[in-house]
Amino acid sequence: MFVLEDEPEIARLICAALAEYGFRAEHLSTGRQLLSRARQSVPDLCIVDLGLPDMDGMQVVRELQENSPCAVLILTGRNDVTDRVLGLELGADDYLVKPFEPRELVARVRSILRRYQRAAPPEASAERTLARFSGWAFDSGRHVLVAADGREIGLSAAEAGLLALMLRRPNKILSREQLLGEREVDPFDRSIDVRISRLRRKLDDDPQNPKLIRTVYGAGYLLSAQVSWE
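Residues numbered from 1 in each chain as written. Predicted model: local features only at pLDDT ≥ 70, side-chain atom pairs only at ≥ 80, totals over all residues. Heavy atoms only, no water.

**Thoughts on the nonpolar core**
Among soluble globular proteins, nonpolar side chains are generally buried collectively.
Moving on, step 1. F133, F138, L145, M166, L167, L179 and I213 are the most contacted members of the largest nonpolar core, which totals 28 residues.
Moving on, step 2. Counting only elements with at least two residues in this core, the list comes to strand 6 (130-133), strand 7 (136-139), helix 6 (157-168), helix 8 (191-202) and strand 12 (220-223).
Moving on, step 3. With seven residues, the top contributor of residues to this core is helix 6.
Moving on, step 4. Core analysis: the second largest hydrophobic core is formed by 22 residues, F2, C46, V72 and A92 among them. (Core = buried A, V, L, I, M, F, W, Y, C linked by side-chain atoms within 4.5 Å. Buried < 20%, exposed > 50% of the residue type's maximum accessible area, 1.4 Å probe, protein only. Helix = DSSP H or I, 4+ residues; strand = E, 2+ residues; numbered from the N terminus.)

Dropping the structure here:
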């Protein structure tokens, strides 16, 4: 994984904490370095600081999802709700505010990676990467939705992971904890709600009266569709 952090001491702390738990991390100090490196080798996960010397961290997240889709954990000193929601809207998987406890950082990294592993196509078969449902096709290998008319709609890594997880368990209620990787959910955590809203828009699922991704109040979300994997 890549760690984008311009403060050397914090970068060392992050990399040391990850190494202690068996994760290999490469440190980069500018947004341009990270984007260039990600084009060469797409990582499983990027930890991205928002306060960078050369560009805004939000732009880094946006360009990552457009050019090298991967899981993203935002790590920043900004504790503004607007920044948190914007980061999630751009495709980040989670958001951790400085100062942070290294063990919590590792727990969140594990949660994100576990969520992506669970979202892999059934039987982990390289051939079974295309899901068909309700007139749509989802190419999990390319993170692309294909409409009935052939129109292609790109998904962020976070959106693709969430949709793949729901497509593996159609017509079953999935709690917010399950969709977030079973980590403890703060009552004010809107990350799943934001991603569900974005998926509904891309699937032309009326947010006022959704038929495909349904909200089960007090329980979670349910994908109402027959799904076949190819």
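**Let's talk about the packing of helix 2 (residues 31-40) against helix 3 (residues 57-67)**
Moving on, step 1. Put simply, helix 2 and helix 3 touch, their axes get as near as 10 Å, and they point 10° apart. As the angle between them shows, helix 2 and helix 3 are arranged roughly parallel. The residues of helix 3 that touch helix 2, namely those facing G31, R32, L34, L35 and A38, are V60, E63 and L64.
Moving on, step 2. Class assignment of the residues belonging to the contact of helix 2 with helix 3 gives a composition of five nonpolar, one polar and two charged. (Axes fitted to C-alpha atoms, helices over the stretch in contact; angles between N-to-C directions. Parallel < 35°, antiparallel > 145°, perpendicular 65-115°, else oblique. Contact = heavy atoms within 4.5 Å. Nonpolar A, V, L, I, M, F, W, Y, C, P; charged D, E, K, R; others polar.)

**A look at the sheet that holds strand 8 (residues 144-146)**
Moving on, step 1. Ordered by their spatial adjacency, five strands build an open sheet running 9-8-7-6-13, and the pairing between neighbours is antiparallel. Only two strands of the sheet have a single partner each, and these edge strands are strand 9 (152-154) and strand 13 (227-229). With direction set aside, neighbouring strand axes in the sheet form an average angle of 20°. (Pairing = 2+ DSSP bridges.)

**Here's the deal with the pattern of salt bridges**
Between side chains of opposite charge, a pair can form when the charged atoms approach closely.
Moving on, step 1. Taken as a whole and assessed by the stated rule, the structure comprises 19 salt bridges.
Moving on, step 2. Here R78 ties to D83 by a salt bridge, and the two come within 3.9 Å at their closest N and O atoms.
Moving on, step 3. For R78, a relative accessible area of 28% gives the class partly exposed.
Moving on, step 4. Among the residues examined, D83 registers a relative accessible area of 18% and is labelled buried.
Moving on, step 5. One salt bridge connects E104 with R108, and the closest N-O pair in it is separated by 2.8 Å. Taken together, the residues E104 and R108, both in helix 5 (residues 102-118) and four residues apart, mark about one turn of the helix.
Moving on, step 6. Its relative accessible area of 15% is what places R108 among the buried residues.
Moving on, step 7. Here the salt bridges share partners, and the residues they tie into one network are E89, E159, R198, R201 and K202. (Salt bridge = Lys/Arg side-chain N within 4 Å of Asp/Glu carboxyl O.)

**Comments concerning the side chain of S68**
Moving on, step 1. Relative to the helices and strands, S68 is located in the loop between helix 3 and strand 4 (71-76).
Moving on, step 2. A relative accessible area of 3% places S68 in the buried class.
Moving on, step 3. A distance of 3.4 Å separates a polar side-chain atom of S68 from the backbone oxygen of A38.
Moving on, step 4. Once residues within four sequence positions are removed from consideration, S68 is found in contact with A38, R39, V42 and E63. (Polar contact = N/O pair within 3.5 Å; in protein donor to acceptor, adjacent residues only side chain to side chain.)

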